[in-house]
Amino acid sequence: MSQLDDLYRRVIMDHYKTPRNHGKFDEDVVTVDLNNPTCGDRISLQLKVEDGIVQDARYTGEGCSISMSSASMMTEAVKGKGIQEALDFADRFSLMMKGETVDFDDYEDIEALSGVSKFPARIKCASLAWNALRKGIDAEA
Amino acid sequence: MNSEWIKEHFPILNQEINGHPLVYLDSAATAQKPRAVIEAMKHYYEWDNANVHRGVHTLGSRATDAYEGAREKVARFINAARTQEIIFTRGTTTALNIVASSYGPSVLGEGDEIVITQMEHHSNFIPWQQLALRTGATLKFIPLQADGNVTVEEAENTITSRTKIVAIAYVSNVMGVVNPIKQIADIAHRHGAVLVVDGAQSTPHMKVDVQDLDCDFYAFSGHKMCGPTGIGVLYGKKALLEVMAPIEFGGEMIDDVGLYDSTWKELPYKFEGGTPIIAGAVGLGAAIDFLEEIGMDNIERHETELAAYAMGRLSEIEGIQIYGPRERSVGLVTFNLQDVHPHDVATVLDSSGIAIRAGHHCCQPLMRWLKASSTARASIYLYNTEADIDRLAAALVQTKEYFA
């Protein structure tokens, strides 16, 4: 099961079972609803953007351990970052999904998802939250 | 029936996936192909390939004979009264869309009804939903019982004199229930409606007799019954097909083309515009030969036994939820493991060489009814064995432990 262990590292299971930033804001903020029509995963992402900075992020959704842990990590990764920085993070995440070695000094948890690149059927699970992030930033801009 | 022996006929099953012998339990999505089907298509392309119904040359005749020969096999296989009632299509989806697009608008007006169920696959759902929106007809649903079954009584309560079309699956691709088609056909006809049957999940697994069912239209796909992808069948009663307008215009389907109007060929050709799916039909014909050699009765009996075995083995697993009725005659089990998402189940199973489906199975309305956003599904066919089910059960227990 070693290849499986690559996929389901402890960090991933931790984010899956104890999700960070899970929930909704009371106030009116940018909200992106996205789903994977082929598999039924869905995410509702909320971003609080002020002065070009992602001040806070929350999400709710339904999906597998990969999609939900990725959402938890994504919200952790982009909180407090400038819009450009957040997009740069998303770009690095995409590269990692293509199997490239990418540096994540700024949020190391995310590297746990590098194993997903070996499971082509699951890349769309891991990418859902990041696609929502890009959409949210587009809507804000 | 010796499934180990049958397995030998399927080259693809003789391989390892992720270091384990492949156990293929996703035949409801698409079935594997026996050597006989692959060889028949290869032979067609290597020896007989030409366009049909036009060439004067020898290859043209051979190709035409092969194509029309396949049509005769299909007609016999589902016991259609006439070969002209067999229209080759791209698959079940196209077949159902032809009925919805051509027959639908000719009989429906505001206030008329289309009756379906919430268990339908999207391909027997959306065409009717969109037809209702287009024509102003009302879309109605025969309510499902708590266990997922459709009863004759509920069908009787739903179908009225305003109903023009009733469309229902013979077998559900999620819950494995077999619907009472014959009785529903009778109810539909008493109210002056036609019955359209989605036969995608029934035709591969049981003996089908469209005259005995007395359905007006019946659609199925080749690839779920050991044939190739890209070929399917629309059966329709001649009297209905004859008055229906063609959907696709072009070569092959015309009688006489004038500058300002044209006339169409007789059945079934007016519904087969363009160069048809010749090699696909040849492959489907070979699949029918293969299934008939084993015997549809034998296949059905084998699957019924294996389905009962699978229900027994999977029910033993703690924390499993199985959807649909406890008793089933069709080899299809849809389930969820507590606290493990079906994608994760499917990935862990795949790492043990076991292929199952995870997702909504093209049945979002049914998923809502089941209150599940996604489920896992193991589906069996003639080549599966008890040993396959044992591997599945063991891997599911492992999956639970892995995520515990």
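Residue positions within a chain follow its written sequence, with the count starting from 1. Working convention: letters from A go to chains and numbers from 1 go to ligands, in the order in which they are written. pLDDT decides what is reported in this predicted model: residues at 70 or higher carry local features, side-chain atom pairs at 80 or more are listed and counted, and totals for whole chains, interfaces and linings draw on all residues regardless.

In the nomenclature of an unreviewed UniProt entry, chain B is known as Cysteine desulfurase of Paenibacillus shirakamiensis. UniProt positions are given in the numbering used here, feature names are shortened, and annotations may be inferred rather than shown by experiment. According to the UniProt record, the Catalytic activity (unreviewed entry) comment for chain B is "(sulfur carrier)-H + L-cysteine = (sulfur carrier)-SH + L-alanine". Here chain B is described in UniProt, under the heading Function (unreviewed entry), as follows: "Catalyzes the removal of elemental sulfur and selenium atoms from L-cysteine, L-cystine, L-selenocysteine, and L-selenocystine to produce L-alanine."

With an unreviewed UniProt entry as reference, chain A is termed Nitrogen fixation NifU-like protein, source organism Paenibacillus shirakamiensis.

A.B. asks: Would you explain the overall build of chain B in this entry?
C.D. replies: Assigned secondary structure in chain B consists of 14 helices and 17 strands. It is over C-alpha atoms that the radius of gyration is taken, and the globule rule equals 2.2 Å times the number of residues to the power 0.38. Against the 2.2 N^0.38 benchmark of 22 Å for 404 residues, chain B shows a C-alpha radius of gyration of 22 Å, consistent with a compact globule. Overall, chain B is about 70 × 55 × 35 Å in size when its C-alpha atoms are taken along their principal axes. To assign burial, the other C-beta atoms lying within 10 Å of each residue's own C-beta are counted, with C-beta atoms placed from the backbone; 20 or more indicates buried, 12 or fewer indicates exposed, and intermediate counts indicate partly exposed. Relative to its 404 residues, chain B shows a buried fraction of 51%. Once C-beta atoms are placed from the backbone, any two residues with those atoms within 7 Å are in contact. A sequence separation of at least 24 residues applies to 70% of the contacts in chain B between residues at least 6 apart. Elements are defined by DSSP. Helices are runs of H or I of four residues or more, strands are runs of E of two residues or more, and each kind is numbered from the N terminus.

A.B. asks: Explain the overall build of chain A here, please?
C.D. replies: Check the secondary structure of chain A and you find five helices and three strands. Beginning at the N terminus, the succession of helices and strands in chain A can be written as α-α-β-β-β-α-α-α. The 141 residues of chain A split such that 40% are buried. Within chain A, counting contacts between residues at least 6 apart in sequence, those at least 24 apart form 62% of the total.

A.B. asks: Just checking my understanding: could you explain the UniProt feature "domain: Aminotransferase class V" (unreviewed entry) in chain B for this structure?
C.D. replies: With numbering aligned to this structure, UniProt lists the feature "domain: Aminotransferase class V" (unreviewed entry) at residues 23-392 of chain B. Taken end to end, residues 23-392 of chain B is 40% helix and 18% strand, and its two terminal C-alpha atoms sit 8 Å from one another.

A.B. asks: What exactly am I supposed to notice about helix α2 (residues 35-48) of chain B here?
C.D. replies: An α-helical segment advances 3.6 residues per turn. Residues three or four places apart therefore align on the same side. Residue and element names in this part refer to chain B. Along its 14 residues, α2 runs 19 Å from first to last C-alpha, staying within 8% of the 20 Å computed at 1.5 Å per residue. Among the residues making up α2, those that are buried are V37, A40, M41, Y44 and D48. Seen along its axis, α2 keeps its buried residues to an arc of 95 degrees; they face one direction. What points out from α2, more than 90 degrees from its buried face, is the exposed set E39, E46 and W47. The inward-facing, buried residues of α2 abut α3 (58-77) and α10 (278-294). Each helix should span, by expectation, one fewer than its residue count multiplied by 1.5 Å. To be clear, the arc concerns the directions from the helix axis to the C-beta atoms.

A.B. asks: Looking at this model, I keep getting lost on the sheet that holds strand β9 (residues 217-221) of chain B. Mind explaining?
C.D. replies: Paired through their backbone hydrogen bonds, the strands of a sheet run either parallel or antiparallel. Residues and elements named next belong to chain B. Strand order in the open sheet formed by seven strands is β4-β10-β9-β8-β7-β5-β6, and the pairing between neighbours is mixed. Two strands bound the open sheet, and with one partner strand each, they are β4 (86-89) and β6 (138-142). Put simply, the sheet's adjacent strands are angled 20 degrees from each other on average, direction ignored. Bridging between β9 and strand β10 (residues 232-236) involves five bridges; their strand directions are antiparallel. Pairing of A219 across the sheet is with L234, part of β10. The convention used is that axes are lines fitted to C-alpha atoms, helices contributing only their stretch in contact, and that angles between N-to-C directions extend from 0 to 180 degrees. Contacts from helix α7 (residues 181-190) reach β7 (163-169) and β8 (194-198), with the element oriented near 155 degrees to β8. At least two bridges found by DSSP between two strands are what make those strands a pair.

A.B. asks: Sorry, what's going on with the interface of chain A and chain B here?
C.D. replies: A common way to state how big an interface is: give the accessible area lost once the parts meet. Taken together, the contact between chain A and chain B spans 14 residues of the former and 10 residues of the latter. Considering every element that reaches the side of chain A that touches chain B, the biggest residue donor is helix α1 (residues 2-7) of chain A, with three residues. Looking at the side of chain A that touches chain B residue by residue, the class counts come to seven nonpolar, five polar and two charged. Residue classes follow a fixed rule: Ala, Val, Leu, Ile, Met, Phe, Trp, Tyr, Cys and Pro count as nonpolar, while Asp, Glu, Lys and Arg count as charged, and any other residue, Gly among them, counts as polar.

A.B. asks: It is not clear to me how the nonpolar core should be interpreted in this structure. Could you clarify?
C.D. replies: What we call a nonpolar core is a set of buried Ala, Val, Leu, Ile, Met, Phe, Trp, Tyr and Cys residues whose membership is set by joining through C-beta atoms within 7 Å. With 124 residues, the main nonpolar core has B:V166, B:V196, B:V197, B:F217, B:V233 and B:V282 as its most contacted residues. The element best represented in this core is α10(B), accounting for 10 residues. Both of domain 1 (3-32 + 296-403) and domain 2 (38-292) of chain B provide at least three residues apiece to this core. Counting 37 residues, the second largest nonpolar core, distinct from the first, contains A:Y8, A:A71, A:M73 and A:F93. Each domain's extent is set by a domain assignment, obtained either automatically or from a database.

A.B. asks: Could you clarify how one ought to interpret the pairing of strand β5 (residues 113-117) of chain B in this entry?
C.D. replies: Residues in a regular strand project their side chains so that they alternate between the two faces of the sheet. Residue and element names in this part refer to chain B. Along β5, five of the five residues are buried, which leaves the element largely enclosed by surrounding structure. With burial as the criterion, each face of β5 is covered, one bearing E113, V115 and T117 and the other bearing I114 and I116. Both β5 and β6 contribute to a ladder of five bridges, which runs parallel. Bridge pairing in β6 links T117 to I142.

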